[in-house]
Amino acid sequence: MLVDGAGSAEAAMRAATATVPQRLLAWYDRHARRLPWRSPPGTPPADPYRVWLSEVMLQQTTVAAVAPRFARLLARWPSVAALAAAPLDDVLHEWAGLGYYARARNLHACAQAVAAAGGFPDTEAGLRALPGVGDYTAAAIASIAFGRRAVVVDGNVERVVARLFALEQPLPGARPTIRRLTDTITPDLRAGDFAQGMMDLGATICTPRAPACALCPLREGCAGFASGRPEAYPVKPPRAAKPQRLGTAFWLTRGDKVLLVRRPAKGLLGGLLALPTGPWSDAAPGLDGAPAAARWRLLDGTVQHVFTHFRLTLALATAAAPSDGLAPDAIWWQADRIDEAGLPTLFARAAARFREDT
DNA sequence: TAGCCGTGGGA
DNA sequence: TTCCCAAGGCT
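Residues numbered from 1 in each chain as written. Chains lettered and ligands numbered in written order. Predicted model: local features only at pLDDT ≥ 70, side-chain atom pairs only at ≥ 80, totals over all residues. Heavy atoms only, no water.

### Details of the UniProt feature "domain: HhH-GPD" (unreviewed entry) in chain A
Link 1 in the chain: UniProt's feature table lists "domain: HhH-GPD" (unreviewed entry) at residues 57-204, given in the numbering used throughout.
Link 2 in the chain: The span residues 57-204 carries 64% helix and 0% strand; its end-to-end C-alpha distance comes to 20 Å. (UniProt positions renumbered as here; feature names shortened; annotations may be inferred. Helix = DSSP H or I, 4+ residues; strand = E, 2+ residues; numbered from the N terminus.)

Structure representation (structure tokens):
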């Protein structure tokens, strides 16, 4: 059995669980967060384009970070057709600083597929086939924008459900169980409001560290609350330490311009403009991989950056470009307009340091 | 399937 | 400082 305890206590728990959707929806009707991409509970659903756009932007990204960028992106491309017609480069540029840049590439590809089809598919399976739309996003759009019943499981729902049932099985192995349990508490009607309510609950009450159980509409019947340590759920495996890598970023000037490179289309920071760097390895590479033979000068200090799975420390080297020996496809960018290059954060910070140096 | 893929903020 | 975390998807 999934629920700890025995006898009448377990029966009471099951009875309480049966009322989860009603209690959650009632709570959502009173406490729904007002968000730029959301239509309030009880009003017609939001435009699928806005729902899709917000869901992609919100993947692994906080509401606070997304809100201003969502407004900017929507103002620039008010429809999926407008976004589809934009050059990919413009989309990547607009995405600069948001991270996970494959999202921007998939966003553009998805917009083109949807525009060509004349609109968004209105089924979960149809949505799931679009680039950048996985299980979560397909279920979210199907329920929120199209009113369909779908089982929506994001990190918030995962946490709420793991606590509700005090699941002892650690992630990620517990995911199939969590999905099954979420299915059992998802209502046939208002599945979109239910999903958004669960996410709001997870974001504001059933938080990762110190859940505010006193305010929770699902406290009664919550096995995690009953256990006395709800924050222990979901159980997670120990995390591996991040390796440290070292590299050098090069600031090569020619007059008032600086050399940029286009990174390979896929992989880390794929397709973005960047400063040239040598190899990133576990030993300081010095001037290895410099874009030209020149009188390089090392700046004091470094730029540190943390990626998902490693830390990077970049030394900073600068020089004036020689008159020859440079790749013909070199990108020379006006140095005092480097902020407009759409550099990812790591290189934007390095560039700021170089510009302070002069 | 588990590793890859950013960034900023909070404790 | 360090660690954790945030509306995941792709391969």
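### Structural notes on the protein's contact with DNA strand C
Link 1 in the chain: Every one of the 30 residues lining DNA strand C counts as a neighbour, but Glu55, Thr137, Asp154, Asn156 and Arg159 are closest to it.
Link 2 in the chain: What you see for DNA strand C is that sugar and phosphate hold 69% of its atoms within 4 Å of the protein.
Link 3 in the chain: Only α9 (135-144), α10 (155-164) and α12 (191-204) provide two or more residues apiece to the surface near DNA strand C.
Link 4 in the chain: Along the lines of polarity and charge, the residues of the surface near DNA strand C split into ten nonpolar, nine polar and eleven charged. (Near = heavy atom within 4 Å. Nonpolar A, V, L, I, M, F, W, Y, C, P; charged D, E, K, R; others polar.)

### Focus: helix α14 (residues 345-357)
Link 1 in the chain: With 13 residues, α14 should reach 18 Å at 1.5 Å per residue; the first-to-last C-alpha distance of 19 Å fits that figure.
Link 2 in the chain: Along α14, the positions that sit buried rather than exposed are Leu346, Phe347, Ala350, Ala351 and Phe354. Projected down its long axis, α14 carries its buried residues within an arc of 125°, all on one side.
Link 3 in the chain: Residues of α14 that are buried in the fold lie against β1 (244-254), β3 (273-274), β4 (297-306) and β5 (311-320). (Expected span 1.5 Å × (residues − 1). Buried < 20%, exposed > 50% of the residue type's maximum accessible area, 1.4 Å probe, protein only. Arc of directions from axis to C-beta. Contact = heavy atoms within 4.5 Å.)

### Quick notes on the environment of Gly270
Link 1 in the chain: On the secondary structure map, Gly270 appears in the loop between β2 (257-262) and β3.
Link 2 in the chain: Given a relative accessible area of 1%, Gly270 falls into the buried group.
Link 3 in the chain: With 173 residues separating them along the chain, Gly270 and Gly97 place their C-alpha atoms 13 Å apart.
Link 4 in the chain: With near-sequence residues (within four places) excluded, Gly270 lies in contact with Arg105, Pro264 and Ala265.

### Let's talk about the protein's contact with DNA strand B
Link 1 in the chain: In the vicinity of DNA strand B, 20 residues are found, and the nearest of them are Tyr101, Leu269, His305, Val306 and His309.
Link 2 in the chain: For DNA strand B, the backbone makes up 60% of the atoms found within 4 Å of the protein, where backbone means sugar plus phosphate.
Link 3 in the chain: Within the contact set of DNA strand B, a phosphate oxygen lies 3.4 Å away from a backbone nitrogen or oxygen of Leu268.
Link 4 in the chain: The separation between a base nitrogen of DNA strand B and a polar side-chain atom of Thr308 is 2.8 Å. (Polar contact = N/O pair within 3.5 Å; in protein donor to acceptor, adjacent residues only side chain to side chain.)

### Section: a positive patch on the surface
Link 1 in the chain: Taken together, the side chains of Lys236, Arg239, Lys242 and Arg311 present a region of like positive charge at the surface.
Link 2 in the chain: On the secondary structure map, Lys236 appears in the loop between α13 (223-227) and β1. (Patch = residues over 30% accessible without salt bridge, like charges linked within 9 Å, V, L, I, M, F, W, Y side chains within 5 Å. Areas by Shrake-Rupley, 256 points an atom, 1.4 Å probe, with all protein chains shown as cover. Salt bridge = Lys/Arg side-chain N within 4 Å of Asp/Glu carboxyl O. Lys, Arg positive; Asp, Glu negative; His and termini not counted. Charge placed at Lys NZ, Arg CZ, Asp CG, Glu CD.)

### Quick word on the pattern of salt bridges
Link 1 in the chain: Throughout the structure, instances matching the rule amount to 16 salt bridges.
Link 2 in the chain: A cluster of three or more residues bridged by salt bridges with shared partners is formed by Arg72, Arg76, Asp90 and Glu94.

### Quick notes on the side chain of Thr182
Link 1 in the chain: Tracing the backbone through its elements, the reader meets Thr182 in helix α11 (residues 175-185).
Link 2 in the chain: The buried category is assigned to Thr182, whose relative accessible area is 1%.
Link 3 in the chain: There is a polar contact of 2.7 Å between the side chain of Thr182 and the backbone oxygen of Ile178.

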